[in-house]
Amino acid sequence: MRIKYLIRQLLCLCLWLVLPVCSMAEGQEFVVVIDAGHGGKDPGAVGKKAYEKNINLDVALELGRLIKNNCADTRVVYTRSTDVFVSLDGRAKIANDAKADLFISIHTNALEKGRIARGTETYTLGMARANDNLEVAKRENSVILVEENYEERYAGFNPNSAESYIMFEFMQDKYMEQSVSLARQIQSQFKTHAGRVDKGVHQAGFLVLRATSMPSVLVELGYISTPDEETYLSSKKGVADLSRSIYNAFISYKKEHFKPSVPSVAKATNEKKEASASEKKETKKQTGGESKRDDRPVFMVQILSTSTKLPEGSSKLKGVKASYYTENGMYKYTTGESTDYNEVLNLKRRLESTFKGAFIVAFRQGKKVDVQEAIREFKAQK
Ligand SMILES: [Zn+2]
């Protein structure tokens, strides 16, 4: 390993003078998942000549190649390495199953006809504070509309309705700090290494980031709808510079956040996976009922979220019998309680006109759990 490493260093001396490399961490593995957005039947944004899916894949593969060649301690996992369709929750599942330490989703931006913009943006999960950011999330999330059973798979999430995004408002992401740290470094590298316009680090409600349980970012490489950017994004130089920028950021992120000297911290993988749902959202369910021995997830419709507890019979509940749980200092009101997901889904549909943005949550023995996982479990039981 060491000899190969030295030979490679001699052969590519000129490149190595400027290429940062991984510090070697013996016996430990850092797992990075590289997610090329779209693919197969979903082209993503379409330019005059180019498809987003191909640009994303070119940059993803080049980034993976750089990491594989230079970081012996890092395992690269692709959500796709060819032109195939992968669902958003499928992508997140690949990352969660791989117990990844980092998730990098690669996309290309676009604006409607007549609007011109240039530059790169990097997103972390959160509530969009600007309309343009919400538009990006809507466009990227709307790929679920071509997935089968998307209504059930995403618990009634409508990618085009602003109300659906309310849930991102109170979402506490325990990996936020690390994600933002990587996002900043990527943006900085895009600017200094690739000479791109820096459009900054933002937050928005991306489904693919929501479902991953590790630090994660979503990169928008540039605008396929802007002719000179389309040409750059489709060029060898564009792909090389952009992937190298992300690579540089990855190296400095990893140096900063991955401390190989403490094995127990670096790879507490089992705990990490189990913690993904419960720790991301610290919850406590306040139900009056007796604790059930039943281990199956219980589904409910969340209709309202308030910062103060509502008085008995509050008109805000519009006559609906609801109970509440607290999460991140908020009182969250739910109604309907069933282990039958379909029943709760029907209830949610009936309530939607009264409570805009109502959505389904799941609990197991009083603890909030990941709703997608609960649905999968429900389906597996049937
Ligand atoms: Zn995209």
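Described below are features of the structure shown in this document. Treat the numbers as computed from the prediction; the structure is a model and nothing was measured. (Residues numbered from 1 in each chain as written. Predicted model: local features only at pLDDT ≥ 70, side-chain atom pairs only at ≥ 80, totals over all residues. Heavy atoms only, no water.)

### Examining the environment of Ile-116
And step 1. Relative to the helices and strands, Ile-116 resides in the loop between β3 (102-109) and β4 (120-125).
And step 2. For Ile-116, a relative accessible area of 52% translates into the label exposed.
And step 3. Distance from Ile-116 to Thr-226, taken between C-alpha atoms, is 5.9 Å for residues 110 residues apart in sequence.
And step 4. Aside from chain neighbours lying at most four places away, what touches Ile-116 is Leu-111, Thr-226 and Pro-227. (Helix = DSSP H or I, 4+ residues; strand = E, 2+ residues; numbered from the N terminus. Buried < 20%, exposed > 50% of the residue type's maximum accessible area, 1.4 Å probe, protein only. Contact = heavy atoms within 4.5 Å.)

### Topic: the side chain of Asp-35
And step 1. In this structure, Asp-35 sits in strand β1 (residues 30-36).
And step 2. A polar contact is formed between the side chain of Asp-35 and the side chain of Thr-79, at a distance of 2.6 Å.
And step 3. Setting aside its immediate chain neighbours within four residues, Asp-35 contacts Thr-79, Arg-91, Phe-103, Ile-104, Ser-105, Ile-106 and Val-208. (Polar contact = N/O pair within 3.5 Å; in protein donor to acceptor, adjacent residues only side chain to side chain.)

### Considerations on the coordination of the zinc ion
And step 1. Taken together, the protein donors to the zinc ion comprise His-38 (NE2), Glu-52 (OE), His-107 (ND1), Glu-140 (OE) and Glu-140 (OE), at separations of 2.0 to 2.5 Å.
And step 2. Positions of the donor residues of the zinc ion, expressed as sequence spacing, correspond to H-x13-E-x54-H-x32-E. Residue His-38 is found in the loop between β1 and α3 (52-70), and its partner His-107 is found in strand β3; the two are separated by 69 residues along the sequence. (Donors = N, O, S within 2.8 Å, 3.2 Å for Na, K, Ca; no water.)

### Re the sheet that holds β3
And step 1. Sheet architecture is open: 6 strands sit in the order β2-β1-β3-β6-β4-β5, paired in mixed fashion. Strand pairing shows two members of the sheet lacking a second neighbour, β2 (74-78) and β5 (198-204), which therefore form its edges. In this sheet, adjacent strand axes meet at a mean angle of 20 degrees when their direction is disregarded.
And step 2. Direction of pairing for β4 relative to β5: parallel, over a ladder of 5 bridges. If you follow Thr-120 over to β5, its bridge partner there is Asp-198.
And step 3. Seen against the sheet, α3 touches β1, β2, β3 and β6 (216-223) and runs at an angle of roughly 145 degrees to β3. (Pairing = 2+ DSSP bridges. Axes fitted to C-alpha atoms, helices over the stretch in contact; angles between N-to-C directions.)

### Focus on the packing of helix α7 (residues 176-192) against helix α10 (residues 236-257)
And step 1. Two elements in contact, α7 and α10, have axes whose closest approach is 8 Å; the angle formed by their N-to-C orientations is 140 degrees. Viewed along their axes, α7 and α10 adopt a mutual orientation that is oblique. The interaxial crossing formed by α7 with α10 has right-handed handedness. Contacts between α7 and α10 involve Gln-178, Ser-181, Leu-182, Gln-185, Ile-186, Gln-189 and Phe-190 from the former and Leu-242, Ser-245, Ile-246, Asn-248, Ala-249, Phe-250, Ser-252, Tyr-253, Glu-256 and His-257 from the latter.
And step 2. Broken down by class, the residue content of the contact of α7 with α10 amounts to 8 nonpolar, 8 polar and 1 charged. (Parallel < 35°, antiparallel > 145°, perpendicular 65-115°, else oblique. Left-handed = near helix turned anticlockwise from the far one by under 90°. Nonpolar A, V, L, I, M, F, W, Y, C, P; charged D, E, K, R; others polar.)

### Observations regarding unusual backbone geometry
And step 1. A positive phi angle, near 65 degrees, is found at His-38, a position not held by glycine.
And step 2. The exposure class assigned to His-38 is buried, which follows from its relative accessible area of 5%.
And step 3. For Asn-149, which is not a glycine, the phi torsion comes out positive at approximately 55 degrees.
And step 4. Relative to the helices and strands, Asn-149 is located in the loop between α5 (131-141) and α6 (150-153).

### Quick look at the pairing of strand β8 (residues 298-306)
And step 1. Taking burial as the measure, the 9 residues of β8 include 8 buried ones, the bulk of the element.
And step 2. Direction of pairing for β8 relative to strand β11 (residues 359-364): antiparallel, over a ladder of 5 bridges. Its bridge partner being in β11, Met-300 is matched across the sheet by Val-361.

### Overview of the nonpolar core
And step 1. Ranked by size, the top nonpolar core spans 42 residues in total, and within it Val-32, Ile-34, Ile-67, Ile-104, Ile-106, Leu-221 and Ile-246 carry the most contacts.
And step 2. Where this core is concerned, the elements lending two or more residues are β1, α3, β2, β3, α7, β6, α9 (227-233) and α10.
And step 3. It is α10 that provides the largest number of residues to this core, a total of 8 residues.
And step 4. Core analysis: the second largest hydrophobic core is formed by 29 residues, Ala-137, Ile-144, Leu-209 and Leu-218 among them. (Core = buried A, V, L, I, M, F, W, Y, C linked by side-chain atoms within 4.5 Å.)

### Observations concerning helix α4 (residues 88-97)
And step 1. Of all 10 residues that make up α4, 7 are buried, and the element is covered over most of its length.
And step 2. Of all the residues in α4, the buried ones are Leu-88, Asp-89, Gly-90, Arg-91, Ala-92, Ala-95 and Asn-96.
And step 3. One or two steps after α4, the chain reaches Lys-99, where phi turns positive at roughly 50 degrees.

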